[in-house]
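Given next are the chains, with one letter for each unit.
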Amino acid sequence: LLPADVELVVLDAVTRPCAPGAPTLLALDAAQPFGAGRPPPAGDLRMERSALLALASHVVLVRDELAATPSRPPEVPAAFSAVASVTVPEVAYGARVALVTTLARPGRVRGALERRGVRVARHVALPDHGGPWVGASAARALGGVAFDVVVATEKCRTWLPSSVRGRDVVTLGLDVTLPDALVD
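As the structure is a prediction and not an experimental result, all values here were calculated from the model.

(A) Representation of the sheet that holds strand β7 (residues 163–164) within the structure. The five strands are arranged β5-β4-β6-β8-β7 in an open sheet whose pairing can be described as mixed. Among the strands making up the open sheet, the edge pair consists of β5 (120–125) and β7. As paired strands, strand β6 (residues 149–152) and strand β8 (residues 167–171) are joined by three bridges and run parallel to one another. Bridge pairing links Ala152 to Thr171 in β8. Packed onto the sheet, helix α2 (residues 107–115) meets β4 (97–101), β5 and β6 and runs at close to 150° relative to β4. Its contacts with the sheet put helix α3 (residues 134–141) on β4, β5 and β7, and the angle it makes with β5 is roughly 140°.

(B) Structural context of the pairing of strand β3 (residues 80–87). When strand β2 (residues 58–64) meets β3, the two strands line up parallel, connected through five bridges. Bridge pairing links Val62 to Ala82 in β3. Across five bridges, β3 lies against strand β9 (residues 173–177) in antiparallel orientation. Along β9, the bridge assignment pairs Ala84 with Val176.

(C) Seen up close, the pairing of β8. As paired strands, β7 and β8 are joined by two bridges and run antiparallel to one another. Note on β8: the bridge partner recorded for Val164 is Arg167. Between the antiparallel neighbours β7 and β8 lie two residues, among them Arg165 with a positive phi of about 50°.

(D) Looking closely at the sheet that holds strand β1 (residues 25–29). An order of β1-β2-β3-β9 is seen for the four strands of this open sheet, with the pairing classed as mixed. Whereas interior strands pair on both sides, the edge strands pair on one side only; in this sheet they are β1 and β9. On average, each strand axis in the sheet is tilted by 30° relative to the strand beside it, whichever way the strands run.

What counts as what
- Residues numbered from 1 in each chain as written.
- Predicted model: local features only at pLDDT ≥ 70, side-chain atom pairs only at ≥ 80, totals over all residues.
- Heavy atoms only, no water.
- Pairing = 2+ DSSP bridges.
- Helix = DSSP H or I, 4+ residues; strand = E, 2+ residues; numbered from the N terminus.
- Contact = heavy atoms within 4.5 Å.
- Axes fitted to C-alpha atoms, helices over the stretch in contact; angles between N-to-C directions.

Shape descriptors only; they carry no functional weight alone.
Now the structure itself:
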């Protein structure tokens, strides 16, 4: 059960239709709204783009606050814009960072770190959603690599221990500011 003060839940995938009349938000990357453009195994969409758009009452193009603002892609109907703020733990600045991801498009996280001046010494990109094997896989991939700290998103951190090869694992913060028209 959700706490009483929770007003919006964002799911990683469409799992079932919402209640009739309930607003639905489709959050898309402003730079690459449909990723590879196809569902698995050839792409990274949860379903065909037309089906995704049909389920959404509102489309929100989300961009990193430090990235250039791209123009709206022609395949995306009128959309709201939202800005994502990434919070990098202080320990990552000036450090040799091992980035561990379990995402469909891990390059977005690496790009966000690089835009903030964080040097990624090694990026360990593991399969999307990970699993109990992630900690051991990350440790193997980082063998012989000189690094000071492991950085991961909250999602990627789910399967990681508190340290990898004796180095702390820290979590990136992410806040998305939705436009006022969607918050009321």
